[in-house]
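Here's the letter readout for the chains.
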Amino acid sequence: MTLHAPLTEVPRKNLTAGYLETLAMLERLHRLLLDVIKDEFERLGILEINPVQALLLFNIAENEVTAGELKSRGYYQGSNVSYNLKKLVELGYMHHQRSDIDRRSVRVRLTEKGHYVRGTMADLFTRHSDILVRRSVMDDALVETINGSLKRMERFWTEQIRYIY
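Read on for an overview of the structure. (Residues numbered from 1 in each chain as written. Predicted model: local features only at pLDDT ≥ 70, side-chain atom pairs only at ≥ 80, totals over all residues. Heavy atoms only, no water.)

**Overview of the overall build of the chain**
Turning to step 1, where the next piece is worked out: Regarding its fold elements, the chain presents six helices and two strands.
Turning to step 2, where the next piece is worked out: Of the regular secondary structure in the chain, the N- to C-terminal order runs α-α-α-α-β-β-α-α.
Turning to step 3, where the next piece is worked out: Taken across its 165 residues, the chain has 21% of its residues classed as buried.
Turning to step 4, where the next piece is worked out: A sequence separation of at least 24 residues applies to 54% of the contacts in the chain between residues at least 6 apart.
Turning to step 5, where the next piece is worked out: Total accessible area computed for the chain in this model is approximately 12,400 Å², and 56% of it derives from carbon and sulfur atoms. (Helix = DSSP H or I, 4+ residues; strand = E, 2+ residues; numbered from the N terminus. Buried < 20%, exposed > 50% of the residue type's maximum accessible area, 1.4 Å probe, protein only. Contact = heavy atoms within 4.5 Å. Areas by Shrake-Rupley, 256 points an atom, 1.4 Å probe, with all protein chains shown as cover.)

Quick look at the structure:
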């Protein structure tokens, strides 16, 4: 008679291994995205801002936001968001204005220069999505499946932060 692990352990081991692979892949993909943006900006001669700052500009888009709103909306997770916003204002990519109600709070929005960078990013991402489809790497259905899975993971992680399980 051979002893086997309970049935619940086998799927859990496989899920844990897959989950760890997903976490490593998310981290690698984020770093790789920053490298792709850096490469594109070097080709275009946009050298005064870094990829993280470019993503900030892309995500802010037409909105007028505070640093706190950037974090709460999930646009930015870094502890140095204030530094990057200040740098983008100094370089002329963003306007800033102190709140009349709370003088400690600063609202930011893109300048024309910021909109140019945002448009450059949008063009890059459009070009990439066209290539992905043309090369049959991804299609609408696969993107929808991936995004659905990532949204479920996002909800799970948010629950882990807010609630003790």
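Once you've had a look at it, read on.
**Looking at the nonpolar core**
Turning to step 1, where the next piece is worked out: Counting 23 residues, the largest nonpolar core has Ile49 and Met94 as its most contacted members.
Turning to step 2, where the next piece is worked out: When contributions to this core are tallied by element, the ones reaching two or more residues are helix H1 (9-44), helix H2 (51-60), helix H4 (81-90), strand S2 (106-110) and helix H5 (112-134).
Turning to step 3, where the next piece is worked out: Tallying contributions element by element places H2 first for this core, with six residues.
Turning to step 4, where the next piece is worked out: Not counting residues up to four positions away in its chain, the partners in contact with methionine 94 are Leu57, Ile60, Leu85, Leu88, Val89, Val108, Arg109, Leu110 and Thr111. (Core = buried A, V, L, I, M, F, W, Y, C linked by side-chain atoms within 4.5 Å.)

**Details of the packing of aromatic side chains**
Between two aromatic rings, the relevant description is the distance of the centres plus the angle of the planes.
Turning to step 1, where the next piece is worked out: Within the structure shown, the criterion is met by one aromatic pair.
Turning to step 2, where the next piece is worked out: Over the aromatic face of tyrosine 93 sits the side chain of lysine 113, whose NZ or CZ is 4.6 Å from the ring centroid. (Phe/Tyr/Trp six-rings, centres within 6.5 Å; stacked < 30°, edge-to-face > 60°. Lys NZ or Arg CZ within 6 Å of the ring centre and 35° of its normal.)

**Some points on the packing of H2 against H5**
Turning to step 1, where the next piece is worked out: For the pair H2 and H5, the least separation of the axes is 9 Å and the interaxial angle reads 95°. On the basis of the axis angle, H2 is roughly perpendicular to H5. Mapping the contact onto sequence places Ala54, Leu55, Leu57 and Phe58 in H2 and Gly114, Val117, Arg118, Met121, Ala122 and Phe125 in H5. (Axes fitted to C-alpha atoms, helices over the stretch in contact; angles between N-to-C directions. Parallel < 35°, antiparallel > 145°, perpendicular 65-115°, else oblique.)

**Regarding the side chain of threonine 66**
Turning to step 1, where the next piece is worked out: Topologically, threonine 66 is positioned in the loop between H2 and helix H3 (67-72).
Turning to step 2, where the next piece is worked out: Ignoring sequence-local partners within four residues, the contact set of threonine 66 consists of Ser105, Val106 and Arg107.

**Some details on unusual backbone geometry**
Turning to step 1, where the next piece is worked out: The backbone phi angle of alanine 61 is positive, close to 55°, even though this residue is not glycine.
Turning to step 2, where the next piece is worked out: Along the chain, alanine 61 falls in the loop between H2 and H3.
Turning to step 3, where the next piece is worked out: Its identity is not glycine, yet serine 136 carries a phi of approximately 60°, on the positive side.
Turning to step 4, where the next piece is worked out: Following the sequence through the fold, serine 136 ends up in the loop between H5 and helix H6 (140-162).

**What about the side chain of glutamine 53?**
Turning to step 1, where the next piece is worked out: Tracing the backbone shows glutamine 53 in helix H2.
Turning to step 2, where the next piece is worked out: Given the relative accessible area of 3%, glutamine 53 is considered buried.
Turning to step 3, where the next piece is worked out: Side chain to side chain, glutamine 53 and asparagine 84 meet in a polar contact 2.9 Å long.
Turning to step 4, where the next piece is worked out: Here glutamine 53 is in contact with Glu48, Tyr83, Asn84, Lys87 and Leu88, once residues within four sequence places are set aside. (Polar contact = N/O pair within 3.5 Å; in protein donor to acceptor, adjacent residues only side chain to side chain.)

**Things to note about the pattern of salt bridges**
Turning to step 1, where the next piece is worked out: Per the counting criterion, the structure on display carries nine salt bridges.
Turning to step 2, where the next piece is worked out: Glutamate 40 is the salt-bridge partner of arginine 43, the closest N and O atoms lying 2.9 Å from each other. With arginine 43 and glutamate 40 both in helix H1, this residue pair falls three residues apart, about one helical turn.
Turning to step 3, where the next piece is worked out: With a relative accessible area of 57%, arginine 43 lands in the exposed category.
Turning to step 4, where the next piece is worked out: On the basis of relative accessibility, which here comes to 6%, the residue glutamate 40 falls in the buried class.
Turning to step 5, where the next piece is worked out: Within the structure, one salt-bridge network assembled from shared partners comprises Asp39, Glu40, Arg43 and Arg127. (Salt bridge = Lys/Arg side-chain N within 4 Å of Asp/Glu carboxyl O.)

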